[in-house]
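Residue strings, one per chain:
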Amino acid sequence: MANNDLDQLSINTIRTLSIDAVQQAKSGHPGTPMALAPLVFTIWNRVLRFDPKDPIWPNRDRFVLSNGHASMLLWSMLYLTGTQAVNAEYERLGQPAVTLEDIRRFRQLDSKAPGHPEYHWTSGVEATTGPLGQGVAMSVGMAIAEKWLANHYNRPGFEMFDYRIYAIAGDGCMMEGVASEAASLAGHLQLDNLCWIYDNNHITIEGNTRITFTEDIAARFLGYGWNVLRVGDANDIDRIQHALTVFAQTKDRPTFIILDSHIGYGAPNLQDTAAAHGEPLGEEEVRLAKRSYGWPEDVKFFVPDGVREHFNAGIGARAAEARRRWTQLFESYRVAYPDLASEIDLMQSRQLPVAWDKNLPVFPADAKGIAGRDASGKVLNELAQNIPWFVGGSADLGPSNRTMLKFNGAGNVEAASPGGKNLHFGVREHAMAAIVNGLALSKLRPFAGTFLIFSDYARPAIRLAALMELPVIYVFTHDAMGDGEDGPTHQPVEQLVSLRAIPGLVMLRPADANEVVEAYRYVMQLRHKPAAIALSRQALPTLDRNKYAAASGVARGAYVLADPPEGQPEVILIASGSEVSLAIDAHEKLLREGIRSRVVSMPSWDIFDNQTPEYRDSVLAPDVKSRVAIEQGSVLGWERYVGSFGRIIGMKTFGASAPLKELQAKFGFEPDRVIEVVKELREKENVLNLRKEIA
Ligand SMILES: Cc1ncc(C[n+]2csc(CCOP(=O)(O)OP(=O)(O)O)c2C)c(N)n1
Ligand SMILES: [Mg+2]
């Protein structure tokens, strides 16, 4: 068969696999795979340097399906190219990433072809997508990472990194704000390794985009500093290939290709309608669509002879050769630059170099103390010197978040110096969080800073980091009312509990400078989890660790910081962050009054919840009912530690604009208030005990 015919046969295989899978699942999105099959075919079989035999080869091109609802495009490609599976330890498993059986079971439990692309679940998926806008925003992080890697590791004659990033997106992605934030930064950084292809089909769920989306998108991207191309016919694979060639030759600008397409292409009654977007075509329309492709009408999941071979001869052969040459080159690189090569090895498996925690500070006891953010700044500056690929920055709050890396040679990531360590995200929290996901997907170890209150602006991408199991670190300063005069707009209330609610996100709120160090020590060793560290703006006393327990207790989520000198505790005070030293003050006063209190520092709920029941009971002694939790955040959730008998000193309203001292008084974050509550609890317990005795 002529190559042209094989091209068309392959494209129609992608289309019909997608149609059949959606029909079988009785749910899904057939229209966009039908329209974009030629695009995806062209990228994969003619251009993409992705070796199906090794989907984690470091110098592979990246393909991101930002319109994740069109996931059948990806499942078709992974199946047809015979992409191999790898596990979380980055070992090849000798089995396919996606089988035809998975496609038959599209969207069913345990199928490797789920509703949307899921990184970590299906090999060959470069990023989890589906929440629109996230994929394209992450692709900017991937492009920054490629530039960083090339700048850092390439040497004359050794182009170890020179890959490109392709992202496909629809109207939805283009309407989402995060795409604009990310595109603006990509233009500024002149990321010429990045290509977005926009599926201009004029259709979203509610109908034609004339009701919502009529901007001049070409002008918009020209304004961002991108090269803008147009391909007027999504079925013209030679034009598509030509545009991709222009992209490859374009320097100093990312490329934006506007591709005019017809959603539901080939379905005579549904093409160009919103009905083709998100529901099965229906048996009759499936038949008609197949007829229009010249396809057997009643055969399902049909893969004609020659199609898989065609992919083998295209992407398979091309990428295998590229990987072979790269692997050979890397062997010589290993001899010429052993240190750099071993760095690449380590980062690829998300490991840390030896002595990664060298020179971490130890803070002496100090009643005046130091702010959480200042301690964090010192730790970040040590870690970044010990771990070459530890990079990060803030959304324009660096001086305030103390996230600036200030040592000699730290440098800034800029178009002319992409190998710097300080990223300046601008006032773009959402893109920042998506971009650090892209960096982490590229195996850099990133951190991102802003005020805790603005974690709300980044939340969709934080959630995806957790879902993707990426070891991203969020440095959230101004974690409570320390922001005083800035008022309720800047004072977090519900942020801590809402971040704690994200499955898999490790949330830490250290109590003093040494807990900050221990928090980072714990977090840095995570390979498959993101972590957020909430840090104070104001100075917190550095606790005397000779008098109180060691800060290494942070690694267990909560620990007994102080106990009565003798006898069992009768009251437990549980606190996090800035409220721990307040609890200690209350504890010392209580002891003087003859009340035996224990203070538990609880920087992290989720780490504590994962300890053994024995350990948890040793901290929160089950027979002590009088418990008080103290945290400058929403009271929601603390019941689980204080029980129905205990009390919570926290926030039930927004804060207020005033100096911190006045706010502490107004909202009850003072030792005397704690003591008052403890006494009420003791009273209540005595009454109950009396009643029990009488009964
Ligand atoms: C952030 C977000 N909001 C809403 C949705 C629900 N949703 C899925 S697809 C879609 C319409 C997308 O239109 P477009 O990107 O043009 O896709 P097409 O139908 O053209 O494939 C919407 C609103 C989503 N997935 N993510
Ligand atoms: Mg659309």
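Given the structure is predicted, the values throughout are model-derived calculations rather than measurements.

Asks: Whenever I open this one, the sheet that holds strand E8 (residues 227-231) confuses me. Can you help?
Replies: Whenever strands of a sheet pair, they do so through backbone hydrogen bonds, lying parallel or antiparallel. Overall, parallel pairing links the 5 strands, which are arranged E1-E4-E5-E9-E8 in an open sheet. The strands lining the two open edges of the sheet, one partner per strand, are strand E1 (62-65) and E8. Sheet twist, expressed as the mean angle between neighbouring strand axes with direction ignored, is 20°. Where strand E5 (residues 194-200) meets strand E9 (residues 255-260), 6 bridges bridge the pair, whose relative direction is parallel.

Asks: Would you take a moment to explain the coordination of the magnesium ion (ligand 2) for this structure?
Replies: For a metal bound by four donors in tetrahedral geometry, the ideal donor-metal-donor angle is 109.5 degrees, whereas six donors in octahedral geometry ideally sit at 90 or 180 degrees. The protein atoms that coordinate the magnesium ion (ligand 2) are Asp171 (OD), Asn201 (OD1) and Ile203 (O), at distances of 2.1 Å. Taken in sequence order, the residues that donate to the magnesium ion (ligand 2) follow the motif D-x29-N-x1-I. Judged on exposure class, the residue Asn201 and its partner Ile203 are both buried.

Asks: Would you take a moment to explain the site of ligand 1 for this structure?
Replies: Near ligand 1 there are 15 residues, and of these Thr32, His69, Gly172, Asn201 and His277 occur at the shortest range. Taking His69, its side chain carries an N or O atom lying 2.8 Å from an oxygen atom of ligand 1. One nitrogen or oxygen atom from the side chain of Asn201 is found 2.6 Å from an oxygen atom belonging to ligand 1. Taking 590 Å² as the accessible area of ligand 1 by itself, protein coverage stands at 74%. Looking at the shell around ligand 1, the elements that each hand over two or more residues are helix H6 (171-175) and strand E6 (203-204). Of the residues assigned to the shell around ligand 1, the class counts are 5 nonpolar, 8 polar and 2 charged.

Asks: Would you mind going over the pattern of salt bridges with me for this structure?
Replies: Oppositely charged side chains are able to pair whenever their charged atoms sit close together. Tallied over the entire structure, the rule returns 36 salt bridges. With a shortest N-O distance of 2.4 Å, Arg220 and Glu215 are connected by a salt bridge. Look at Arg220 and you get buried, because its relative accessible area is 16%. A salt bridge links Arg682 to Glu685, with the nearest nitrogen and oxygen atoms 3.0 Å apart. One end of the pair, Arg682, and the other, Glu685, are both in helix H24 (residues 671-694), 3 residues apart, so they sit about a helical turn from each other. Owing to a relative accessible area of 17%, Arg682 belongs among the buried residues under this scheme.

Asks: What exactly am I supposed to notice about the packing of helix H2 (residues 31-47) against helix H9 (residues 237-249) here?
Replies: Packed helix pairs are characterised by how far apart their axes lie and by the angle those axes make with each other. The contact between H2 and H9 brings their axes to 10 Å, and the two run at 55°. Viewed along their axes, H2 and H9 adopt a mutual orientation that is oblique. As for how H2 packs across H9, the hand of that crossing is right-handed. Contact residues: H2 offers Pro38, Leu39, Phe41, Thr42, Ile43, Arg46 and Val47, while H9 offers Ile237, Asp238, Ile240, Gln241 and Leu244. When its residues are assigned to classes, the contact of H2 with H9 shows 8 nonpolar, 2 polar and 2 charged.

The rules behind these values
- Residues numbered from 1 in each chain as written.
- Chains lettered and ligands numbered in written order.
- Predicted model: local features only at pLDDT ≥ 70, side-chain atom pairs only at ≥ 80, totals over all residues.
- Heavy atoms only, no water.
- Pairing = 2+ DSSP bridges.
- Helix = DSSP H or I, 4+ residues; strand = E, 2+ residues; numbered from the N terminus.
- Axes fitted to C-alpha atoms, helices over the stretch in contact; angles between N-to-C directions.
- Donors = N, O, S within 2.8 Å, 3.2 Å for Na, K, Ca; no water.
- Buried < 20%, exposed > 50% of the residue type's maximum accessible area, 1.4 Å probe, protein only.
- Near = heavy atom within 4 Å.
- Polar contact = N/O pair within 3.5 Å; in protein donor to acceptor, adjacent residues only side chain to side chain.
- Areas by Shrake-Rupley, 256 points an atom, 1.4 Å probe, with all protein chains shown as cover.
- Nonpolar A, V, L, I, M, F, W, Y, C, P; charged D, E, K, R; others polar.
- Salt bridge = Lys/Arg side-chain N within 4 Å of Asp/Glu carboxyl O.
- Parallel < 35°, antiparallel > 145°, perpendicular 65-115°, else oblique.
- Left-handed = near helix turned anticlockwise from the far one by under 90°.
- Contact = heavy atoms within 4.5 Å.

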